[in-house]
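Okay, here's what each chain looks like letter by letter:
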Amino acid sequence: MSTRSARPSSIEGIKRLAKRIASEKSVKHTTALNEAAVLAGYQNFIHAKHALSPPRTAPRSISHASTTRSQSPMSQSDFHIRSRAEWTSMVNHITSNGDATLSWQRVDDIVTTLQPFMGSNKNHAHLPRGGGFDFLSVAKGREPGCIEFEIFSGTTVVVKPRRLVLERIASDPAESFLMLDLDDLEPSGTTREDRERSTARRQEEVVEVGRGEYAGRSVYDDGYFLDDRGNERELPDDARPVLRLLNGQIMFVTKGSIWNGSSRTYSGIHDSQTTAQIRDAIQQIIDELAAA
C-alpha cells in the first residue's frame, strides 16, 4: 500500500506509517515520523503526539499540592476556577483599571511581563500555525533580539518579538489575553531547499550546536554534525533541539478561558486576526452568556 494513501488517526498508526516510509524511502526514523505526522494532518510528530495523546496539562482531576489521601482530587471544573482566578490576579497585577490595551516592545520588558504567566498549567500558548503548548519559562535568547521559551517536551522555542499586547477585559478579566507579535526570522537552513521548506512552513526544527549555530534536526539522533568545512564533529553536551518560529502571533490564555475551551481556536485562527477583533469576539460571547 502506498504511504500517500494512508491517513492514520492515532500515534500508533503514525508510527506504523513511519516505519513503511523509512523502509520505502531509506530515510531516518525521525524524518519518517515527521512525514507520517504531516500526512495525518499535523505539523510534525511532536504536534501529533501532543494532539493525540491524553491531555497532560489539564487532566480530569488534579490534586492540590496539600491534598492528603483522605481528600478527594480537584475536579476539572475546580481546576478551571483556580486557573481563572490565578490568571485574573496576574492580569490585575499589571493593570486593574477597567478595559485596557497595553503593549511592550523592548525585549527586556516583554520578558519581564511574560514571566509571571509562565509555568505548567499557568497558561496555554496557541501557536501561529495551530496547536499549542504550556510555556514553562521565558528568557532572553542567544540570537540577537530574540527570546526563548521552554515547553513541556524539553524543546526550546525561539522567536523574535516585535510587540507584546495585553488585552484586559473588564467584564471578565479571566478572559483577558496576551498576544506576542513576532518579527521575521531568517531560516537557518544551509541549502536552498531547506530554506524554502522552512519559509513555507513558517517554522523550522533544528538542533543548536553552538551559540546561535544550528544543524538539521537529524543530527540529534546521529550524534555528530558537519562543520563549515565539512568535517564531522561530535555534538556538544549542551546541544538542544530548537523550534524556531519564523513569523506570526502567539496567543496566551488561561486553561479555563472561552478561547481555550473551543476546538476551533486550536487551528491557529488567532494568527489572521487583530487583538481588537479577538477581543470583540470574546466580549460578544461573554455578553451572550450573561444575557442567558
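Above this note sits the structure.
Residues numbered from 1 in each chain as written. Predicted model: local features only at pLDDT ≥ 70, side-chain atom pairs only at ≥ 80, totals over all residues. Heavy atoms only, no water.

Draft legend 1. Representation of the overall build of the chain. When helices and strands are counted, the chain shows eight helices and 16 strands. Across the 292 residues in the chain, those meeting the buried criterion constitute 46%. Taking the contacts inside the chain whose residues are at least 6 apart along the sequence as the reference set, 59% of them involve residues at least 24 apart. Accessible area of the chain: about 15,300 Å², with a carbon and sulfur share of 46%. (Helix = DSSP H or I, 4+ residues; strand = E, 2+ residues; numbered from the N terminus. Buried < 20%, exposed > 50% of the residue type's maximum accessible area, 1.4 Å probe, protein only. Contact = heavy atoms within 4.5 Å. Areas by Shrake-Rupley, 256 points an atom, 1.4 Å probe, with all protein chains shown as cover.)

Draft legend 2. The pattern of salt bridges, seen in detail. Within the structure shown, the criterion is met by 19 salt bridges. Across the pair D108 and R106 runs a salt bridge whose closest N-O atoms are separated by 3.7 Å. By sharing partners, the salt bridges in this structure join R106, D108, D109 and K140 into a single network. (Salt bridge = Lys/Arg side-chain N within 4 Å of Asp/Glu carboxyl O.)

Draft legend 3. Structural context of the environment of T199. Along the chain, T199 turns up in helix α6 (residues 192-201). You can call T199 partly exposed: its relative accessible area is 47%. Sequence separation between T199 and P187 is twelve residues, and the spatial gap between their C-alpha atoms is 6.8 Å.

Draft legend 4. A look at the packing of aromatic side chains. The tally for this structure, following the rule as stated, stands at four aromatic pairs. Here W87 and F117 contribute two aromatic rings whose centre-to-centre distance is 4.9 Å and whose plane-to-plane angle is 65 degrees, an arrangement assigned as edge-to-face. Residue W87 is found in helix α4 (residues 76-94), and its partner F117 is found in the loop between α5 (107-114) and β4 (124-126); the two are separated by 30 residues along the sequence. When the ring of F149 is compared with that of F252, the centres are 6.0 Å apart and the planes differ by 45 degrees; the resulting orientation is tilted. Of this pair, F149 sits in strand β7 (residues 147-151) while F252 sits in strand β16 (residues 248-253), and the two are 103 residues apart along the sequence. Judged on exposure class, the residue F149 and its partner F252 are both buried. (Phe/Tyr/Trp six-rings, centres within 6.5 Å; stacked < 30°, edge-to-face > 60°.)

Draft legend 5. Representation of the side chain of E175 in the model. Residue position: E175 is located in the loop between β9 (161-168) and β10 (177-182). Of note is the side chain of E175, whose polar atom sits 2.7 Å from the side chain of R84. Within polar-contact distance, the side chain of E175 engages the backbone nitrogen of I258 at 2.9 Å. (Polar contact = N/O pair within 3.5 Å; in protein donor to acceptor, adjacent residues only side chain to side chain.)

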